[in-house]
Amino acid sequence: MNASQAMVFSLVAVGILVCLPLIGVTAGMTSLFGVIIPYVAVALFFVGIVARVVRWARSPVPFRIPTTCGQQKSFPWIKADPLDNPTDTKGVVLRMILEVLLFRSLFRNTRLEFYDGPKIRYASAKWLWLGAIVFHYSFLVVFLRHLRFFTEPVTPLVTLLEGVDGFLEVGLPRLYISGLALLAGVAYLFLRRVTIPQLKYISLPSDYFPLFLIFAIAATGVLMRYIYKVDIVGVKELTMGLATFHPVVPEGIGVIFYIHLFLVSMLFAYFPFSKLVHMAGVFLSPTRNLPNNSRMMRHINPWNYPVKVHTYEEYEDEFREKMIEAGLPVEKKE
């Protein structure tokens, strides 16, 4: 499947997901799309994440294989970098914090550019870092803002976050920057994938589908807030019922809400089986979470087991006559 086919396949798949609740809710299946599917999706999310984490945690890591780009600590008079090449737990923790919160390695990433000549040079990839920062943090803010639908009373942190997110006070209802930033971040990641030939060549449906799905989620959320109004009181009643395991499906919420909820449910269900699970995997990556202290400590593989070996003496005893006939040197003639 080439890149164009992968793109069309993913777009059609998201289109089908949009149509399913549209048809189902119109046919009166609000309980299915408002209660059953969200519960199943959340269950798949947690079970899938736990299964992946347990499988990763049980994988043997007999050697120290951290990915580093600095001088390892050795003699006192040789300068070492405790962040790029940590040799203790403190350095690993600081390195992970910078990686998870600021995408430090992506900020320092470079890419090859080809010019006439032919000439090759390394160029900065700061735009990718900025796009990733905008996408991930806007997604986080949107997620935290939605906690107001699942708590009563609304926590002060969520109220403060909403105030900061909508500080521009544009329009009524108030414009939230995170929603537009999320759309812009997804659009940038998609355009980057289709405009860079090398990246487009290796792109698969698993690369396009989550982008289209997240874009559809953000788009339906923006439409609900600013164009197609929904019954917020009914939405709060439904979400509080889901959170307290006493689901109630009010009448007249609006079909676009069910489309939005169904797409979010599909994202939750798809998450553990996709590349998006790197959110959990980054903490279990041996290239990141291990100190590089091979010069200070001897690491012995704990999974070694006795192996029956065939020594050279035994090999020569077994094949001595044939070796002599073939003219090969032997240590013993008899």
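Everything that follows concerns the structure shown earlier in this document.
Small disclaimer: the values here were computed from a predicted structure and weren't measured.

A. Focus on the overall build of the protein chain. Across its full length, the protein chain holds 13 helices and two strands. Relative to the compact-globule value of 20 Å for 334 residues, the protein chain shows a C-alpha radius of gyration of 28 Å, a clear excess of over 25%. Taken along its principal axes, the extent of the C-alpha atoms in the protein chain is 95 × 50 × 50 Å. Accessible surface for the protein chain amounts to roughly 21400 Å². Of this, 69% is attributable to carbon and sulfur atoms. Charge separation in the protein chain, taken as the distance between the mean sites of 32 positive and 23 negative side-chain charges, equals 8 Å.

B. Geometry of the pattern of salt bridges. Overall, the coordinates contain ten salt bridges when judged by the stated rule. Residue Glu-99 is joined to Arg-288 by a salt bridge in which the shortest nitrogen-to-oxygen separation is 3.8 Å. Here Glu-99 is found in helix α3 (residues 89-102), whereas its partner Arg-288 is found in the loop between α12 (278-281) and α13 (312-325), with 189 residues between them in sequence. Each of the two residues, Glu-99 as well as Arg-288, counts as buried. Between Lys-236 and Glu-152 there is a salt bridge whose closest N-O contact spans 3.4 Å. Residue Lys-236 is located in helix α10 (residues 232-243), and its partner Glu-152 is located in the loop between α5 (126-145) and α6 (156-165); the two are separated by 84 residues in the primary sequence.

C. A negative patch on the surface, seen in detail. Side chains of Glu-313, Glu-314, Glu-318 and Glu-331 sit close together on the surface and give a patch of like negative charge. Along the chain, Glu-318 falls in helix α13.

D. How the structure looks around the side chain of Asn-293. Tracing the sequence through the fold places Asn-293 in the loop between α12 and α13. In this structure Asn-293 touches Arg-64, Gln-72, Thr-87 and His-299, once residues within four positions along its chain are discounted.

E. Focus on unusual backbone geometry. In this chain, Glu-152 is followed by Pro-153 through a cis amide linkage whose omega measures 0°. Turning to its location among the elements, Pro-153 is positioned in the loop between α5 and α6. In this model, Phe-103 sits at a positive phi of 55°, which is unusual for a non-glycine residue. Note on placement: Phe-103 falls in the loop between α3 and α4 (104-107). The residue Phe-245 is not glycine, and still its phi comes out positive at about 60°. Looking at the element boundaries, Phe-245 is found in the loop between α10 and α11 (255-270). The exposure class of Phe-245 is exposed, given its relative accessible area of 64%.

F. View of α10. Helix length check: α10 (twelve residues) gives 16 Å between terminal C-alpha atoms against 16 Å at 1.5 Å per residue, within 8%. The elements touched by buried residues of α10 are α2 (30-57) and α11. Phi for Phe-245, located one or two positions after α10, is positive at around 60°.

G. How the structure looks around the nonpolar core. Of all hydrophobic cores here, the largest spans 44 residues; its most connected members are Leu-182, Leu-213, Leu-238, Phe-257 and Leu-263. Elements with a minimum of two residues in this core: α1 (3-26), α2, α5, α7 (177-195), α9 (205-226), α10 and α11. Looking at which element gives the most residues to this core, the answer is α9, with ten residues. The residues touching Leu-182, leaving out its near neighbours within four places in the chain, are Phe-135, Ser-138, Phe-139, Val-142, Ile-214 and Ala-218.

How each quantity is defined
Residues numbered from 1 in each chain as written. Predicted model: local features only at pLDDT ≥ 70, side-chain atom pairs only at ≥ 80, totals over all residues. Heavy atoms only, no water. Helix = DSSP H or I, 4+ residues; strand = E, 2+ residues; numbered from the N terminus. Rg over C-alpha atoms; globule rule 2.2 N^0.38 Å. Areas by Shrake-Rupley, 256 points an atom, 1.4 Å probe, with all protein chains shown as cover. Lys, Arg positive; Asp, Glu negative; His and termini not counted. Charge placed at Lys NZ, Arg CZ, Asp CG, Glu CD. Salt bridge = Lys/Arg side-chain N within 4 Å of Asp/Glu carboxyl O. Buried < 20%, exposed > 50% of the residue type's maximum accessible area, 1.4 Å probe, protein only. Patch = residues over 30% accessible without salt bridge, like charges linked within 9 Å, V, L, I, M, F, W, Y side chains within 5 Å. Contact = heavy atoms within 4.5 Å. Expected span 1.5 Å × (residues − 1). Core = buried A, V, L, I, M, F, W, Y, C linked by side-chain atoms within 4.5 Å.

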